[in-house]
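One letter stands for each residue in the lines below.
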Amino acid sequence: MARLEKISSALREAALATLIVAGLGFPIIAYRAEPDFNNALALLGRWPLFFQFCLAAFALRFALAFWRGGAAKAPIRERLWRSPRWLGPAALIALVVYPLAVVGLLGPQAALKWVDTYGVQILIYVLLGWGLNITVGLAGLLDLGYAAFYAVGAYAYALLAPATGLGFWALLPVCGLLAAFWGFCIGFPILRLRGDYLAIVTLAFAEIVRIVLTNWDVVTHGEAGLFGFPGLNFFGLPFIPGPRGFAAHAGLPFAGVHKLIFLYYLVLILALAANLVSLRLRRLPLGRAWEALREDEIACRALGLDTANIKLTAFALGAFFAGVAGCLFALRQGFVSPSAFTFSESALILAIVVLGGGGSQLGVAVAAVFLVGASEALREITFLKSVFGEGFDPAQYRMLLVGLAMVAMMNLRPRGLVSTREPTIKLPAGKIAAETAS
Amino acid sequence: MLAFRRGESGGAMEVFLQQLINGVTLGSIYGLIAIGYTMVYGIIGMVNFAHGDVFMLSAFIALLILLLLTQMLGLGAAPAFIVAMGASMALTALWNYAIERVAYRRLRGSFRLAPLISAIGMSTFLANFVTVTQGPNNKSIPPMWDQVITLTSGGAYDVTLSYRQILIVAVTGVLLAAFWFVVQKTPLGRAQRACEQDAKMAALLGVDVNRTVALTFVIGAALAAVAGSLYLLQYGVVKSTDGFVPGVKAFTAAVLGGIGSLPGAVLGGLLIGLIETLWGQYFSSDYKDVAAFSVLAVTLIFMPSGLMGRPDVEKV
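Residues numbered from 1 in each chain as written. Chains lettered and ligands numbered in written order. Predicted model: local features only at pLDDT ≥ 70, side-chain atom pairs only at ≥ 80, totals over all residues. Heavy atoms only, no water.

For chain B, an unreviewed UniProt entry supplies the name Branched-chain amino acid transport system permease protein and the organism Rhodoblastus acidophilus. Recorded under Sequence similarities (unreviewed entry), the UniProt text for chain B is reproduced unchanged: "Belongs to the binding-protein-dependent transport system permease family. LivHM subfamily." Of chain B, the UniProt comment under Subcellular location (unreviewed entry) reads exactly: "Cell membrane". (UniProt positions renumbered as here; feature names shortened; annotations may be inferred.)

Identification of chain A as Branched-chain amino acid transport system permease protein from Rhodoblastus acidophilus is taken from an unreviewed UniProt entry. According to the UniProt record, the Subcellular location (unreviewed entry) comment for chain A reads "Cell membrane".

Asks: Any chance you could explain the interface of chain B and chain A here in plain terms?
Replies: It is common to report an interface's size as the accessible area lost on association of the parts. Between chain B and chain A, the residue contacts involve 66 residues of the former and 58 residues of the latter. Regarding the contact of chain B and chain A, the summed buried area is about 5700 Å², with carbon and sulfur atoms giving 75% of it. Viewed at the interface, chain A and chain B are joined by 1 salt bridge. Lys139 of chain B is the partner of Glu34 of chain A in a salt bridge, and the nearest nitrogen-oxygen pair spans 3.5 Å. The interface formed by chain B and chain A holds 10 residue pairs in polar contact (both at pLDDT 80 or more) in total. (Contact = heavy atoms within 4.5 Å. Buried area = accessible area lost by both parts, 1.4 Å probe. Salt bridge = Lys/Arg side-chain N within 4 Å of Asp/Glu carboxyl O. Polar contact = N/O pair within 3.5 Å; in protein donor to acceptor, adjacent residues only side chain to side chain.)

Asks: Sorry, what's going on with the state of the cysteines here?
Replies: Note on terminology: a disulfide is the covalent bond linking the sulfur atoms of two cysteines. Enumeration over the complete set of coordinates arrives at 0 disulfides over all chains. Here Cys327 of chain A is not cross-linked by a disulfide; its sulfur's nearest cysteine counterpart is in Cys175 of chain A, at 3.9 Å. (Disulfide = S-S within 2.5 Å.)

Asks: Honestly, the confidence of the model for chain A in this entry has me stumped. Any pointers?
Replies: In low-pLDDT regions, the fine details of the predicted coordinates are not to be read closely. Residue and element names in this part refer to chain A. Considering every residue of chain A, the mean pLDDT works out to 83; 87% of them sit at 70 or more. A low-confidence stretch, residues 417-427 (pLDDT under 50), is modelled with 48 contacts involving residues beyond four sequence positions or located in other chains. Ignoring residues within four places in sequence, the model shows residues 429-438, a span with pLDDT below 50, making 29 contacts including any to other chains. (pLDDT = per-residue confidence, 0-100.)

Asks: Looking at this structure, I do not really get the packing of helix α1 (residues 2-30) of chain A against helix α3 (residues 51-72) of chain B. What am I missing?
Replies: Two packed helices can be described by the angle between their axes and the distance between those axes. Relative orientation of the contacting elements α1 of chain A and α3 of chain B amounts to 65°, with a least axis distance of 9 Å. When the interaxial angle is binned, α1 of chain A and α3 of chain B end up roughly perpendicular. In the packing of α1 of chain A onto α3 of chain B, the handedness of the crossing is left-handed. The segment α1 of chain A lies against α3 of chain B, with Phe26, Pro27 and Ile28 of chain A engaging Leu57, Phe60, Ile61, Leu64, Ile65 and Leu68 of chain B. In terms of residue class, the contact of α1 of chain A with α3 of chain B is built from 9 nonpolar, no polar and no charged. (Axes fitted to C-alpha atoms, helices over the stretch in contact; angles between N-to-C directions. Helix = DSSP H or I, 4+ residues; strand = E, 2+ residues; numbered from the N terminus. Parallel < 35°, antiparallel > 145°, perpendicular 65-115°, else oblique. Left-handed = near helix turned anticlockwise from the far one by under 90°. Nonpolar A, V, L, I, M, F, W, Y, C, P; charged D, E, K, R; others polar.)

Asks: Explain the confidence of the model for chain B here, please?
Replies: When pLDDT is averaged along chain B, the result is 87; 95% of the residues meet or exceed 70. Note that residues 1-8 of chain B has pLDDT below 50 and, in this model, 10 contacts with residues that lie over four places away or in other chains.

Asks: Before we go on, may I ask you to explain the pattern of salt bridges in this structure?
Replies: Side-chain pairs of opposite charge can arise whenever the charged atoms involved come near each other. The full count for this structure, using the stated rule, is 16 salt bridges over all chains. Of the charged contacts in the structure, one is a salt bridge between Lys288 of chain B and Glu276 of chain B, with a shortest N-O distance of 3.9 Å. Here Glu276 of chain B lies in helix α11 (residues 262-282) and Lys288 of chain B lies in helix α12 (residues 288-302), a separation of 12 residues in the sequence. Via salt bridges that share partners, Arg282, Glu291, Arg294 and Glu295 of chain A belong to a single interconnected network.

Asks: Just checking my understanding: could you explain the packing of aromatic side chains for this structure?
Replies: Aromatic ring pairs are reported here in terms of the distance separating the ring centres and the angle at which the planes meet. All chains considered together, the criterion is met by 32 aromatic pairs over all chains. For the pair Phe343 of chain A and Phe244 of chain B, a centre-to-centre distance of 4.9 Å together with 15° between the ring planes defines the contact as stacked. Separated into two different chains, Phe343 of chain A in helix α13 (residues 343-355) and Phe244 of chain B in helix α10 (residues 244-257) make up a pair that spans both. With respect to burial, Phe343 of chain A and Phe244 of chain B carry one shared label: buried. Through a chain of ring-to-ring contacts, the aromatic side chains of Phe26, Tyr31, Trp47, Phe50 and Phe51 of chain A assemble into a single cluster. Lying across the ring of Phe66 of chain A, Lys6 of chain A places its NZ or CZ 5.2 Å from the centre. (Phe/Tyr/Trp six-rings, centres within 6.5 Å; stacked < 30°, edge-to-face > 60°. Buried < 20%, exposed > 50% of the residue type's maximum accessible area, 1.4 Å probe, protein only. Lys NZ or Arg CZ within 6 Å of the ring centre and 35° of its normal.)

Spelled out as structure tokens, the structure:
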């Protein structure tokens, strides 16, 4: 009898959920407006998809209500997951060996994609994540305009390299310092602001930077962007075929992958440097002050800490690494345009930090690999194309899932962002580890 | 006076008047969105970052229902638009109710940035959800009600006021009056103001805080849906990334007017609309967004309580 009641109540819940999903999905999923041959919008019905959503909602809600209904919600178990000691060194060795192994296995031509897209690109995001982690994860200052500093670094290299004739070794720190200077300039007026207002102002500044980059045609060439600036060289040896190139000096046959392998190690070293800097700084008074600021600004001030300095250093150091990453981005792409530095780029980097559990170095790296690598991997799978149609672009679904993941993270593990002291790792599927809420 | 100006400066006065009209129209739309920001901030102290995307979503819902009614049921444009606006208000309200329930309710007692980060996630989700379901390109509809009243003629430039613009300003005015009545005179409005002052105390005195907050989101979404429908009517085009910039501008309006203040939100909306159109006319239309973003930054830095807001005292 009780069982019957349980089923009927679960059915009621499920019916309600289905009704809500039907309401949410009614025009937006059930129809799609597409321009027809007259260029007027015509509706395409997609009722099967709509009913699939409704059915899924019904099944999910029913299952949830049936198995969990009635009983009090079990508290989410806070399990401590400490990364084993060998994990760091093992990951490091894997990272060092990775490009050579890929070239050895696939040959220099097929390895291009693996070193570039899955190697260099992901490592740049890891570097960006660790940089933003200083501002957001350690100091607790929500920076929604991180892509602006990234843009400053990229444009600094693209503009200064042809103008000054300096190589990238000289320009790399210049890019970082310029971005840090911008971080300082933007950080200065917003020192007094509270958390959420501060976040919005950084967003406003970043948008202004992007609009200026888009419209200041004389310097930035607008939407078209900058290209043709000098690329990477190996301590003076350019990566070109012929006797003057790196390949001839090293006694190797010329291959495009050499440049990428060099860039890979360069990014790896810089990312590890960023990691080392933030790990060491956390043990210094400055790093302690950042974390204290994150926990309670008023208490900080009451204890005599100079919050202005603490905030500015957090902003400037975070921006410095973004500038370095921007320079590397310019070297990798060979061209820079404002469309690479939109708000959604800032949101993606922020998502890497948030999903990485803020303050946790390994977590941020794992999140970067997962968010950037997974969507690239999805692009490869031709099977998905046959299921979702030819126009299937996983990049769109990536940001959709990133958004959902941020919401889920905040709802299920909000303390992950603020209360971790030791580096912890966040894994999906509930195996998320954090220190128990303090 | 007018004749003198016309002769002297080639219709400068007319251009200014026309931009004033356009600015007020745009400002009405910003004002309607800004109310959603200001109410939510007032009641739970959260920057509802996804509100701009809710506005964009509502424009899409209105567009689809409009097409459905005109193409499948053969309704005329005017009744179809009114029905579409009503349906969009209801469905967008349901969306925002669901969003509040899923993404924000549990975070009310969390640390200050948690709801904002969740809202950023929700904003990203909504924009990409619409991109995925409706495609990334522009959706445009043929213009409606584009008859105009010519206010001045014979000069270098005719100043015109379209029926659309009259409708937009009139709808905004009527809704604001109705809304003002709700907040000032009804039990719901009283509960809202009570939660705004002290949610815990209000709960102790028998106010259902969850219900009040949910209704605030519902009302905010309904007003955003009106703005979305009117935006579609006025500009005739919408795309899935259109939520972000109008959203930030409407938030600017809310901050400029003094966040938490309803008349402030409308005043801020009108000001932002005017600043944007006049800046676009007299300085540079490429940089017109810079004007709005600068106003946002400057207001937050130098007068965070805005024009009509109460100063926010942080209690320890």
